Amino acid sequence: MGNLRSTFRILTNSVRLQLKITLAASEFGFMLLQPVVFTIISVGTYLYGKKPDFGLFAIIGTGLISIWNGNLFTSGEIISNERRTGTLSLVMATPTSLFTILLGKSFANAIVSVLAMGTTFLTGMLAFHLPLGIHDPLQFLAGLLLIIFSITSLGLIFGSLFIITRNAGEFVSVANFPVYILSGLSVPLTLLPLWTRPLSDLLTPTWGNTLLNHAATGMGGGMLPNYLWIVSLSIFYLIIARLLYRRIEYLALQAGTLEQW
């Protein structure tokens, strides 16, 4: 019970600290501006392509793009800032695992990323005067929170890789676009080759996009399989991330330094 209480305290302190860092960072304004630009481009493409019915699809997809991009970008920034300030080695040397500390920091970014979805809807209403009523607000909110948790879990896998590279920014730029495309966030999955479908199924934004669109429009079948897929993928991501962090911690302890990476 004591260990559980201690872990919870570490998580909450990590969330609180990262929220202060994020809100004070100069990149925070960019995180709010990016969804606006993405929404204008994405929705405008469908509207001027004579497909107005895809406006809501474009907005939800853009919101998930912003959430994923913000999560991946800030995951890289967390590691880069810790390395730049010389605290990464100190964090790894503490009794608390690096995975627990970064999990708390990632949850802080997840909280901020909720603003991205709200920004996309607001941009759609103001810039394009789209009717953006949500058919099932409760299901939409529950699905959104679950998806953010799952995307955060996926971001932890990439975060572990940032520890052993000094080029996190370049890695983020490369990793973003395959997820956009394979998840059907930028273009419908029906336009992609069939051999890409197994890759799409392994990405939680794929299922989240379908879930949120169903909750928003009320169209489609039962969403229980989507919920089960998102929960299962979240557990899978966390297991993989935990194993990667333990391996990296072992390599760092074996080498006695992080400077070789």
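Residues numbered from 1 in each chain as written. Predicted model: local features only at pLDDT ≥ 70, side-chain atom pairs only at ≥ 80, totals over all residues. Heavy atoms only, no water.

1. Examining the overall build of the protein
Phase 1 of the analysis: The helix and strand tally for the protein stands at ten helices and zero strands.
Phase 2 of the analysis: Scanning the protein from its N terminus toward the C terminus, one meets helices and strands in the order α-α-α-α-α-α-α-α-α-α.
Phase 3 of the analysis: The C-alpha radius of gyration of the protein comes to 19 Å, within 12% of the 18 Å expected for a compact globule of 261 residues.
Phase 4 of the analysis: Dimensions along the principal axes, computed over C-alpha positions, put the protein at roughly 60 × 40 × 35 Å.
Phase 5 of the analysis: Across the 261 residues in the protein, those meeting the buried criterion constitute 49%.
Phase 6 of the analysis: Here the analysis covers contacts within the protein between residues at least 6 apart in sequence; of these, 77% occur between residues at least 24 apart.
Phase 7 of the analysis: Side-chain charges in the protein split into 14 positive and 9 negative, and the spacing between the mean points of these groups amounts to 7 Å. (Helix = DSSP H or I, 4+ residues; strand = E, 2+ residues; numbered from the N terminus. Rg over C-alpha atoms; globule rule 2.2 N^0.38 Å. Buried < 20%, exposed > 50% of the residue type's maximum accessible area, 1.4 Å probe, protein only. Contact = heavy atoms within 4.5 Å. Lys, Arg positive; Asp, Glu negative; His and termini not counted. Charge placed at Lys NZ, Arg CZ, Asp CG, Glu CD.)

2. Describing the packing of helix α5 (residues 98-128) against helix α6 (residues 137-163)
Phase 1 of the analysis: At a closest axis distance of 8 Å, the pairing of α5 and α6 adopts a crossing angle of 130°. Taken together, α5 and α6 sit at an angle that is classed as oblique. The chirality of how α5 crosses α6 is right-handed. Note on element contacts: α6 touches α5 through F140, L144, I148, F149, T152, L156 and I163, opposite L98, F99, L102, L103, S106, F107, A110, S113, V114, M117 and F121.
Phase 2 of the analysis: The residue makeup of the contact of α5 with α6, split by class, is 15 nonpolar, three polar and no charged. (Axes fitted to C-alpha atoms, helices over the stretch in contact; angles between N-to-C directions. Parallel < 35°, antiparallel > 145°, perpendicular 65-115°, else oblique. Left-handed = near helix turned anticlockwise from the far one by under 90°. Nonpolar A, V, L, I, M, F, W, Y, C, P; charged D, E, K, R; others polar.)

3. Some thoughts on the packing of aromatic side chains
Phase 1 of the analysis: Throughout the structure, instances matching the rule amount to seven aromatic pairs.
Phase 2 of the analysis: Ring geometry for F107 against F149: centres 5.8 Å apart, planes inclined by 15°, an arrangement best described as stacked. Residue F107 is located in helix α5, and its partner F149 is located in helix α6; the two are separated by 42 residues in the primary sequence.
Phase 3 of the analysis: For F107, a relative accessible area of 24% corresponds to the partly exposed category.
Phase 4 of the analysis: Ring geometry for F177 and Y180: centres 5.4 Å apart, planes at 75°, overall edge-to-face. Of this pair, F177 and Y180 both sit in helix α7 (residues 168-182), three residues apart, which is roughly one turn of the helix. (Phe/Tyr/Trp six-rings, centres within 6.5 Å; stacked < 30°, edge-to-face > 60°.)

4. What to know about helix α9 (residues 204-217)
Phase 1 of the analysis: Here α9 contains 14 residues, and its C-alpha end-to-end distance of 20 Å stays within 8% of the 20 Å for a straight helix at 1.5 Å per residue.
Phase 2 of the analysis: Judged by how many residues are buried, α9 sits mostly within the fold: twelve of 14 residues are covered.
Phase 3 of the analysis: Listing the buried residues of α9 in full gives T204, P205, T206, W207, G208, N209, L211, L212, N213, H214, A215 and A216.
Phase 4 of the analysis: One or two steps after α9, the chain reaches G218, where phi turns positive at roughly 75°. (Expected span 1.5 Å × (residues − 1).)

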